[in-house]
Structures are given as structure tokens and as C-alpha cells.
Amino acid sequence: MASGRLVKRLLWVYSIFAPYLIVASLSTQFLNNIASDWMYYILDPNLRARLEDFQRKARALGPAKDLAKTDCGNIIMEAASEAFQLQDVNSVFLWTSRSWDEDQPTGETGRAPAWELAMDLDPLRTTRGYHIHTMQILDRREQSFSVPLLSKDKVPLRTASFHAFWELAKKKAAANGEITSFRESYTGARELAIELEQTLDSEIKRLR
């Protein structure tokens, strides 16, 4: 009975963490400490093998993620240069604010949409209450070129221009081996995480 309760406890801990290991940082202290817990070795060998396979895939995604994001950053600069006919583009930011003035070149927070390109996500997604209103392109001399994306009244602006830029970036990303390989690996690891979560939940119910 004692070992059954311990297994249940361990499975419960894993079931909490499993959905977040891939979605969040892809590499956590929890992953590194799994095998150091003695209770780990009283799990079913098949389940333990699947957890170890998950660990390997999750760890391998860290370096792959960094490479993919670097390539995506370069692609975004190339696409901005071509789409807006600019030279020596050095960085691209999407600026987010709760409120802003017309033609405001920056905002409360700015980010490069490298992760969105790496994962083929909507680059204009943001948290509730915030809006991406400006795209800022800087060249190597730090001269700024701004593309307003949303009016003060939240009316979309320069939609066709931004769409052309992003479609060009997506096309370049789809032709990049590092990025496509990362997408496939990420999808596979995430599917495994979901599958493991379901298995862990089933094992917990079985031990009740």
C-alpha cells in the first residue's frame, strides 16, 4: 500500500508538469531531477521508458529552438528589407501598448516576432487589453522606419503591406531546414507530452 501511494504521488507530480515542459521553457530543472528521485524507479518500466524518451526529446529542443529563432530573426530582417525596400536592416520590432497616439513610433513593450515565425503563429497575437500598433524597422545606423498597424481607434492600417511582409517571411522560413526540422521536433515532443499527461492521469485513477 505504501508503494502504491508513493507511485500515485509521483504520477500526480508528473501529470502537473507534463503539459508545461514543452510549452514553456523546453528545458527545466524538473526534467534534470526526475531520475534522482528514488520513487522514479518504482514506476512501471514501460512508462519510465516513455518518460525518458520525453526527456531526451525535450532537452534536444533547447539548442534547436535557439538555432531556429536565430534563423527566423535573420529572415524577418531580410523580408522587411525586401517588402519595404530598405537597406541594412538590423532589427524589427512589433510594439504593443494599451493606448497610443497616432504615428507613435514605439510603445510600452517591443519584441521581434522570431518565435511566432518559428512556430508559424499569428505575429499580431497579444494579451487581452494590449494591442500591437506599430512595426518599427531599424537599420545599422539606428535610423528608424515605422509602419503603423493600428489607429488610435483600433482600426487596422497598412494591412496589405504587413501581410506581404509576413507572407514573404513565412515563405523563406518554410524553405529553411533548421526551422522546419525544429517545427517537426517540437510538434512531436508536444504530442508526446499530451499523450503522457493522459497516461499519467489514467494511472492515477487506476491507483485510487
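Whatever comes next refers back to the structure up there.
For clarity, every value in this text was computed on a predicted model and none was experimentally measured.

Reading the values: rules and limits
Residues numbered from 1 in each chain as written. Predicted model: local features only at pLDDT ≥ 70, side-chain atom pairs only at ≥ 80, totals over all residues. Heavy atoms only, no water. Buried < 20%, exposed > 50% of the residue type's maximum accessible area, 1.4 Å probe, protein only. Helix = DSSP H or I, 4+ residues; strand = E, 2+ residues; numbered from the N terminus. Pairing = 2+ DSSP bridges. Axes fitted to C-alpha atoms, helices over the stretch in contact; angles between N-to-C directions. Parallel < 35°, antiparallel > 145°, perpendicular 65-115°, else oblique. Left-handed = near helix turned anticlockwise from the far one by under 90°. Contact = heavy atoms within 4.5 Å. Nonpolar A, V, L, I, M, F, W, Y, C, P; charged D, E, K, R; others polar. Expected span 1.5 Å × (residues − 1). Bend = angle between axes of the 7 residues up to and from the residue.

Enquirer: With reference to specific residues and values, describe the pairing of strand β3 (residues 131–139).
Expert: When you tally the buried positions in β3, you get 8 out of 9 residues, the bulk of the element. Of the pairings in the sheet, the one linking strand β1 (residues 89–97) to β3 comprises 8 bridges and is antiparallel in character. Paired with Ser-97 across the two strands is His-131, which belongs to β3. Where β3 lies against strand β4 (residues 144–148), 5 bridges are found, and the strand directions are antiparallel. In the sheet register, Leu-138 faces β4, and the bridge partner there is Ser-144. Here β3 folds back onto β4 in antiparallel fashion, the turn holding 4 residues, of which Glu-142 has a positive phi close to 65 degrees.

Enquirer: I'd like a rundown of the packing of helix α3 (residues 45–83) against helix α5 (residues 159–174), residues and numbers included.
Expert: For the pair α3 and α5, the least separation of the axes is 9 Å and the interaxial angle reads 135 degrees. Here α3 lies oblique to α5, going by the angle between them. When you trace α3 past α5, the crossing you get is right-handed. Mapping the contact onto sequence places Ile-75, Ile-76, Glu-78, Ala-79, Ala-80, Glu-82 and Ala-83 in α3 and Phe-165, Leu-168, Ala-169, Lys-172 and Ala-173 in α5. Of the residues in the contact of α3 with α5, the class split is 9 nonpolar, no polar and 3 charged.

Enquirer: Account for α3, naming residues and giving values.
Expert: Its 39 residues give α3 an end-to-end C-alpha distance of 54 Å, which sits within 8% of 57 Å, the value for a rise of 1.5 Å per residue. The sharpest bend along α3 comes to roughly 30 degrees, located at Gly-62, with the proline Pro-63 sitting one to four residues further on. Trailing α3 by a residue or two, Gln-85 shows a phi angle of about 55 degrees, which is positive.

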